[in-house]
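# Reading the structure
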Amino acid sequence: QVQLVESGGGLVQAGGSLRLSCAVSGRTFSRGSMGWFRQASGKEREWLAGINWSIDATYYEDSVKGRFTISRDIAKNMVYLQMNSLKVEDTAVYYCAGHSAGWGWEARPNEYDYWGQGTQVTVSS
């Protein structure tokens, strides 16, 4: 049973930074992809970034490109999302997700096989 556990969320001022972590257990991914999503109150879940587990290729949604960086540590079975220059509109619950056969660019939530429980990020003005 694959489990994803996010951590690193919290309260930060606009312009600040946070690094989210996603611990993957129950499976060692040798292929497939991981993604980060977020869901703001009253809005649909949106894809932010994805990474191909084996070749380390990364993909980003335009609104976070240049501010957010996704990375992975194969040895630790961890995925990260470094978030810089945070804005009030980045406030949301952030989720990591695993796609067993993905390439990294998959943006639809229903394509993903595994989900974490989410971590709250609140950006104050």
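Residues numbered from 1 in each chain as written. Predicted model: local features only at pLDDT ≥ 70, side-chain atom pairs only at ≥ 80, totals over all residues. Heavy atoms only, no water.

### Here's the deal with the sheet that holds strand β8 (residues 78-83)
Spatially, β1-β3-β8-β7 is the arrangement adopted by the four strands of the open sheet, whose pairing is antiparallel. The open sheet has two free edges, formed respectively by β1 (3-7) and β7 (68-73), since each of these has just one partner strand. Looking at each pair of strands side by side, their axes are set apart by 15 degrees on average, direction ignored. Pairing of strand β3 (residues 18-25) with β8 involves six bridges; the strand directions are antiparallel. Residue pairing across strands places Ala-23 opposite Met-78, the latter belonging to β8. (Pairing = 2+ DSSP bridges. Helix = DSSP H or I, 4+ residues; strand = E, 2+ residues; numbered from the N terminus. Axes fitted to C-alpha atoms, helices over the stretch in contact; angles between N-to-C directions.)

### As for the pairing of strand β9 (residues 92-99)
With seven of eight residues buried, β9 lies mostly within the body of the structure. Note that strand β4 (residues 33-39) and β9 share seven bridges and pair antiparallel. Paired with Gly-35 across the two strands is Ala-97, which belongs to β9. Sheet topology note: the β9/strand β11 (residues 119-124) ladder contains three bridges and is antiparallel. Among the inter-strand pairings, Val-93 is bridged to a residue of β11, identified as Gln-120. The pairing of β9 with strand β10 (residues 114-115) spans two bridges and is antiparallel. Note that in β10 the partner of Gly-98 across the bridge is Tyr-114. (Buried < 20%, exposed > 50% of the residue type's maximum accessible area, 1.4 Å probe, protein only.)

### A few points about the pairing of β11
Judged by which residues are buried, β11 turns out to be one-sided: Thr-119, Val-121 and Val-123 face inward and are buried, whereas Gln-120, Thr-122 and Ser-124, on the alternate face, are not. As paired elements, strand β2 (residues 10-13) and β11 share four bridges and run parallel to each other. Its bridge partner lying in β11, Gln-13 is registered against Ser-124.

### What to know about the environment of Val-24
With respect to the helices and strands, Val-24 occurs in strand β3. The exposure class assigned to Val-24 is buried, which follows from its relative accessible area of 7%. For the pair formed by Val-24 and Leu-48, sequence separation is 24 residues and the distance between their alpha carbons is 19 Å.

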